[in-house]
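Breakdown of the fold
For reference, the chains in residue letters:
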Amino acid sequence: MRSVRNLVPIVLLSVMLPAVAFAGPYDALFEEKAKWVFSGTMETSNCVGPIDGWVCEGDCCKLEESFEMTCKVAEVKVDKKSSASRIVCLGSPKSAMGQSPSAMIAGCWLSDSKGLHHDPDCAALDAALEGLAKLEALLPAKPKASKWPKCKDEEVCVKTRVQADGDAWCAEEEVVGGDTMSSKRCIDRKRGLVSVSYDFAGGTAVFFTFQQKKD
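Residues numbered from 1 in each chain as written. Predicted model: local features only at pLDDT ≥ 70, side-chain atom pairs only at ≥ 80, totals over all residues. Heavy atoms only, no water.

1. What to know about the overall build of the protein
- Of regular secondary structure, the protein possesses 2 helices and 12 strands.
- Listing the helices and strands of the protein from first to last along the sequence gives α-β-β-β-β-β-β-α-β-β-β-β-β-β.
- Counting only residues that meet the buried cut, the protein has 36% of its 215 residues in that class.
- Put simply, of all contacts in the protein between residues at least 6 apart along the chain, 46% involve residues at least 24 apart.
- A total accessible area of about 13,200 Å² is found for the protein, and carbon and sulfur atoms account for 52% of it. (Helix = DSSP H or I, 4+ residues; strand = E, 2+ residues; numbered from the N terminus. Buried < 20%, exposed > 50% of the residue type's maximum accessible area, 1.4 Å probe, protein only. Contact = heavy atoms within 4.5 Å. Areas by Shrake-Rupley, 256 points an atom, 1.4 Å probe, with all protein chains shown as cover.)

2. Observations concerning the state of the cysteines
- In this structure the tally under the stated criterion is 6 disulfides.
- With a sulfur-sulfur separation of 2.1 Å, Cys71 is cross-linked through a disulfide to Cys89. Measuring handedness by torsion sign, the sulfur bridge of Cys71 and Cys89 sits at about 110° and is right-handed. Here Cys89 lies in strand 4 (residues 83-90) and Cys71 lies in strand 3 (residues 60-78), a separation of 18 residues in the sequence. Across the pair, exposure class does not vary: Cys71 and Cys89 are buried alike. (Disulfide = S-S within 2.5 Å.)

3. So, the nonpolar core
- One finds Leu29, Trp36, Ile87, Ile105 and Phe210 to be the most contacted residues of the largest nonpolar core, which totals 31 residues.
- For this core, the secondary-structure elements that each account for two or more residues are strand 1 (35-46), strand 3, strand 4, strand 10 (179-188), strand 11 (192-201) and strand 12 (204-212).
- Element by element, the count of residues in this core is highest for strand 3, at 5 residues.
- Setting aside residues no more than four positions away along its own chain, Phe210 makes contact with Phe38, Ser39, Gly40, Phe67, Met69, Pro101, Met104, Leu193, Val194, Ser195 and Val196.
- Ranked by size, the runner-up nonpolar core spans 7 residues in total, among them Ala84, Cys108, Leu110 and Cys122. (Core = buried A, V, L, I, M, F, W, Y, C linked by side-chain atoms within 4.5 Å.)

4. Points about the pairing of strand 12
- Relative to strand 12, strand 1 runs antiparallel, the two being bridged by 9 bridges. When the sheet's bridge partners are listed, Met42 is paired in strand 12 with Phe208.
- Here strand 11 pairs with strand 12 via 7 bridges, running antiparallel. Counted as the bridge partner of Phe200 is Val206 from strand 12.
- With antiparallel pairing between neighbouring strands as the criterion, strand 11 and strand 12 make up a hairpin whose turn holds 2 residues. (Pairing = 2+ DSSP bridges.)

5. Brief notes about the pattern of salt bridges
- What the rule picks out here adds up to 8 salt bridges.
- Among the ionic pairs, Arg189 bridges to Asp27, the shortest N-O distance being 3.0 Å. Taken together, the positions of Arg189 in the loop between strand 10 and strand 11 and Asp27 in the loop between helix 1 (4-16) and strand 1 put the pair 162 residues apart, joining distant regions of the chain.
- Note that Glu172 is salt-bridged to Arg161, the shortest N-O span being 3.4 Å. Placement of the pair is Glu172 in strand 9 (residues 168-177) and Arg161 in strand 8 (residues 157-165), with a sequence separation of 11 residues.
- Given a relative accessible area of 23%, Arg161 falls into the partly exposed group. (Salt bridge = Lys/Arg side-chain N within 4 Å of Asp/Glu carboxyl O.)

6. Concerning the confidence of the model for the protein
- Averaged over all residues, the pLDDT of the protein equals 85, while 87% of them reach at least 70.
- Below a pLDDT of 50 lies the segment residues 1-21, which in the model reaches 12 contacts outside its immediate sequence neighbourhood of four places, other chains included. (pLDDT = per-residue confidence, 0-100.)

7. Re unusual backbone geometry
- The phi dihedral of Lys33 is positive, around 65°, even though this residue is not glycine.
- Of note, Lys33 is situated in the loop between helix 1 and strand 1.
- Residue Lys33 is classed as exposed on the basis of its relative accessible area, which comes to 75%.

What follows is the structure in structure tokens.
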């Protein structure tokens, strides 16, 4: 018969293991005090007339910016069914269309049995948990590559797909309906969000991209 003393280290090990239930391929987004630095560029343009500080040709003007943005996990909550975190960012430029680069990562994240959810407007994790679970998952809990679906609505088309990029899984979205928008967010299990691109074309056009800087 095995002695009780020989079983003690095994029991202690099980107690010390982290209680992250569904973070899976998105673990890094739920690590306490995790911090990332991103470098990127943003281009904004429109044709409504000359704008101070922009490069203009006639009524059409363009503004190009480079930026460095720092983001960190400010709050984490974990239970047996889910992992949640709140991320804050500094150094993001503001877009003329209201979609800033930080909106692609800042806010509250939830990983549960359905997948990975994100609310960029969340300011308090406790108040957001119920609403987060109701949001459509950005990425599934067990991601696999998918194809663009066919659009049923000819006037407004919203499409999403999942693609692998090395060790990262990428959520891609396209919206067409008067204005057009496309975005891509890639998340690595060990490094978190590693790259983002966003392209909006309407009365004002906005394009930005940023990548996580390696140590």
